[in-house]
Amino acid sequence: MIPLVFAEREEEQIIKKIGGNEEIKHHLADLGFTVGGTVTVVNSLNGNVIVKVKESRIAINEDMARRIMV
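Summarised in this report is the structure supplied together with it. (Residues numbered from 1 in each chain as written. Predicted model: local features only at pLDDT ≥ 70, side-chain atom pairs only at ≥ 80, totals over all residues. Heavy atoms only, no water.)

Considerations on the side chain of Thr 40
Okay, step 1: Mapped onto the elements of the fold, Thr 40 is located in strand β3 (residues 38-45).
Okay, step 2: Not counting chain neighbours up to four residues away, the residues in contact with Thr 40 comprise Glu 10, Glu 11, Glu 12, Ile 50, Val 51 and Lys 52. (Helix = DSSP H or I, 4+ residues; strand = E, 2+ residues; numbered from the N terminus. Contact = heavy atoms within 4.5 Å.)

Here's what the structure looks like:
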């Protein structure tokens, strides 16, 4: 498992674990990040990433991307 921030671009990944407190986990779930779901890194800049999750593109900061393990 690696944090999403280190995932290869344009390669579909399966979310294996989401870290953080319950508030953070709930926020990420609201955005579509769920264990077992897929996510693809579209672009990365200074640790911040743009990802494709459930047919939507979402920008998340490095701190959030480090909590999502793929």
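Looking at the sheet that holds strand β5 (residues 56-60)
Okay, step 1: Read across the sheet, four strands follow the order β1-β3-β4-β5 without closing on themselves; strand pairing throughout is antiparallel. Lying at the two open borders of the sheet, with one neighbouring strand each, are β1 (12-14) and β5. When the angles between neighbouring strand axes are averaged without regard to direction, this sheet yields 35 degrees.
Okay, step 2: Strand direction decides the pairing type here: β1 and β3, joined by three bridges, are antiparallel. Within β3, the position partnered with Gln 13 by the bridge is Val 39. (Pairing = 2+ DSSP bridges. Axes fitted to C-alpha atoms, helices over the stretch in contact; angles between N-to-C directions.)

Focus: the pairing of β3
Okay, step 1: Both β3 and strand β4 (residues 48-53) contribute to a ladder of five bridges, which runs antiparallel. Within β4, the position partnered with Thr 40 by the bridge is Lys 52.
Okay, step 2: The turn linking β3 back onto β4 is made up of two residues, and Asn 46 within it adopts a positive phi angle of 55 degrees.

A few points about the pattern of salt bridges
Okay, step 1: For the structure on display, the rule yields three salt bridges.
Okay, step 2: Here Arg 66 makes a salt bridge to Glu 62, at a shortest N to O gap of 2.7 Å. Of the two residues, Arg 66 and Glu 62 are both situated in helix α2 (residues 62-67); the distance of four residues between them amounts to about one turn of the helix.
Okay, step 3: Here Asp 63 and Arg 67 are joined by a salt bridge, their closest N and O atoms 3.3 Å apart. A residue pair is termed a helical-turn pair when its members lie 3 or 4 positions apart in one helix, as Asp 63 and Arg 67 do in helix α2 at four residues. (Salt bridge = Lys/Arg side-chain N within 4 Å of Asp/Glu carboxyl O.)

Let's talk about unusual backbone geometry
Okay, step 1: Although it is not a glycine, Asn 46 sits at a positive phi angle of roughly 55 degrees.
Okay, step 2: Residue class for Asn 46 comes out exposed when judged on its relative accessible area of 68%.
Okay, step 3: At Lys 54, a residue that is not glycine, the phi angle is positive and equals roughly 50 degrees.
Okay, step 4: Structurally, the position occupied by Lys 54 is in the loop between β4 and β5.
Okay, step 5: Look at Lys 54 and you get exposed, because its relative accessible area is 60%. (Buried < 20%, exposed > 50% of the residue type's maximum accessible area, 1.4 Å probe, protein only.)

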